[in-house]
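Overview (structure and organization)
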Amino acid sequence: MKSSTQFRTIVLSDIHLGTAGSKAKEATEFLRNYSCQKLILNGDIIDGWQLKQYGTWKKKHTAFFKTVLKQIVRYDTKVIYLRGNHDDFLDQVMPLKVGKNFSIRKDYILNSGTRKLYVTHGDVFDSITSQMKWLAYLGDLGYTFLLWVNKFYNQYRNWRGLPYYSLSQQIKKRIKQAVSYISDFEQKLTELARARGCDGIICGHIHQPAIHEFDGILYMNSGDWVESLSALVEDHDGNWSLLYYTSDLAEENEAEEIRPKKKTKHIGEPEFALRVA
């Protein structure tokens, strides 16, 4: 008999496995501690763009998928992998179904309580990634460089005893054009949900976690596992919330790993800190 799950649905997007900026270890920890009936991997899980150029596939990236498989075996979790713009190599195989619990698709309709939600990565309205891919690649290089600078800056902040600071997110917040793009993106996605006859939209792509409404249409963005380290979760009553991984207890967790563990462990006891929005 399968163990009960904590959530009805978990949505993760933009993990960018294969890149230096991917927080694969943290995403894996999340799945090791939280279970669900349905897991939606909403695009850019594997970063095919960077793997073609200078990305590196590591054991921690493989560990993520091993943990996904364990969710299937232990909880009979249904996994839906939706194609994003960075994992567009999936175009060659989708739609694909492996067994009864794993499928690769372009989009998905999710029933949540009395609501019907349209799930898509979100790059469908991105004219840069769909029509000018060379420019998107150029922007990807700049973003990667910014993450590289951010890494060393945060090593300095850690040495000073200061908390983590996302340089790229602060820059995006201060650029009026970027703010305008995000607002336009959200509005277009909600219009798409309405056109599909749905009550809401679940997306990723822009690395901006959010839950709010536009003219009666629910907009939800699961964020990413490069900067915000966030996930969308649905409880068994159909309520949605954002969970944020924080590294405040990282040293404490490492110390706990070398101590003898109890034989019984409740799934509801997280081994890392989370902020709920």
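One can find the structure itself at the top, above this paragraph.
Bear in mind that the values here come from a model prediction, so they are computed numbers and not experimental data.

**Here we look at the overall build of the chain**
When helices and strands are counted, the chain shows 8 helices and 13 strands. Across the 277 residues that make up the chain, the buried fraction comes to 47%. Sequence-distant contacts in the chain: of pairs separated by 6 or more residues, those separated by 24 or more amount to 69%. Surface accessibility of the chain: about 15100 Å² in total, with carbon and sulfur atoms responsible for 54%.

**Some thoughts on the sheet that holds strand β6 (residues 108-112)**
Within the open sheet, the 5 strands sit side by side as β6-β7-β8-β10-β9. Their pairing is mixed. Bordering the open sheet on either side are β6 and β9 (210-214), each of which pairs with just one other strand. Each adjacent strand pair in this sheet contributes to an overall mean axis angle of 25 degrees, direction not counted. Relative to strand β8 (residues 200-203), strand β7 (residues 115-119) is paired through 3 bridges, and the arrangement is parallel. When the bridges of β8 are listed, Y118 appears paired with I201.

**Observations concerning the pairing of β6**
Residues in a regular strand point their side chains to alternate faces of the sheet. Burial of β6 is one-sided: the residues Y108, L110 and S112 facing one way are buried, the residues I109 and N111 facing the other way are not. Examined bridge by bridge, β6 and β7 share 5 bridges and lie antiparallel to one another. When the sheet's bridge partners are listed, L110 is paired in β7 with L117. Following β6, the chain reverses through 2 residues before pairing antiparallel with β7; G113 in that reversal takes a positive phi of roughly 65 degrees.

**Topic: the environment of L31**
Tracing the backbone through its elements, the reader meets L31 in helix α1 (residues 24-33). Residue L31 is classed as buried on the basis of its relative accessible area, which comes to 3%. Between the C-alpha atom of L31 and that of F64, which follows or precedes it by 33 residues, the distance is 8.3 Å. Filtering out sequence-adjacent residues up to four positions away, L31 remains in contact with L12, L39, F64, T67, V68 and Q71.

**Section: a nonpolar patch on the surface**
On the surface, a cluster of nonpolar side chains totalling about 220 Å² of accessible area is made up of V93, L96 and V98. Its location among the elements puts V93 in the loop between β3 (78-82) and β4 (96-98).

**Structural notes on the packing of aromatic side chains**
On inspection of all chains with the given rule, the structure shows 7 aromatic pairs. Of the aromatic side chains, those joined through ring pairs into one cluster are F7, F30, Y34, W225 and Y245.

**A word on the nonpolar core**
Grouped together as the largest cluster of nonpolar side chains are 28 residues, with contacts concentrated most on I10, L12, F30, L39, F64 and W225. Sorting elements by how many residues they give to this core places α1 first, with 4 residues. Leave out the neighbours within four places in its chain, and L12 touches F30, L31, L39, I40, L41, N42, I45, F64, S222, W225, S230 and A231. Core analysis: the next-biggest nonpolar cluster, separate from the first, contains 15 residues, I40, L117, I202 and M220 among them.

**Here's the deal with the pattern of salt bridges**
A side chain with one charge may pair with a side chain of the opposite charge, provided their charged atoms come close. Scanning the model with the defined rule gives 5 salt bridges in all. Among the salt bridges present, the one from D76 reaches K100, with a minimum N-O distance of 3.9 Å. One end of the pair, D76, is in the loop between α3 (59-75) and β3; the other, K100, is in the loop between β4 and β5 (102-105), and 24 residues separate them in sequence. Of the charged contacts, one joins R83 and D123 as a salt bridge, the two residues approaching to 3.3 Å between their closest N and O atoms. You can see R83 sitting in the loop between β3 and β4 and its partner D123 sitting in the loop between β7 and α4 (127-131), a full 40 residues away along the chain. In this structure D123 comes out as buried when scored by relative accessible area, which is 12%. Here the salt bridges share partners, and the residues they tie into one network are R83, D91 and D123.

**Structural notes on α1**
With 8 of 10 residues buried, α1 lies mostly within the body of the structure. Every buried residue belonging to α1 is among A24, E26, A27, T28, E29, F30, L31 and N33, and all of these are buried. Turning to α1, the residues buried within the fold contact β1 (7-12), β2 (36-42), α3, β11 (230-234) and β12 (240-246).

**Remarks on the pairing of β12**
Of all 7 residues that make up β12, 7 are buried, and the element is covered over most of its length. By the alternation rule, side chains of β12 split into W240, L242, Y244 and T246 and S241, L243 and Y245, which are all buried. When β11 meets β12, the two strands line up antiparallel, connected through 5 bridges. Counterpart to S230 in the pairing with β12 is Y244.

The rules behind each value
- Residues numbered from 1 in each chain as written.
- Predicted model: local features only at pLDDT ≥ 70, side-chain atom pairs only at ≥ 80, totals over all residues.
- Heavy atoms only, no water.
- Helix = DSSP H or I, 4+ residues; strand = E, 2+ residues; numbered from the N terminus.
- Buried < 20%, exposed > 50% of the residue type's maximum accessible area, 1.4 Å probe, protein only.
- Contact = heavy atoms within 4.5 Å.
- Areas by Shrake-Rupley, 256 points an atom, 1.4 Å probe, with all protein chains shown as cover.
- Pairing = 2+ DSSP bridges.
- Axes fitted to C-alpha atoms, helices over the stretch in contact; angles between N-to-C directions.
- Patch = residues over 30% accessible without salt bridge, like charges linked within 9 Å, V, L, I, M, F, W, Y side chains within 5 Å.
- Salt bridge = Lys/Arg side-chain N within 4 Å of Asp/Glu carboxyl O.
- Phe/Tyr/Trp six-rings, centres within 6.5 Å; stacked < 30°, edge-to-face > 60°.
- Core = buried A, V, L, I, M, F, W, Y, C linked by side-chain atoms within 4.5 Å.

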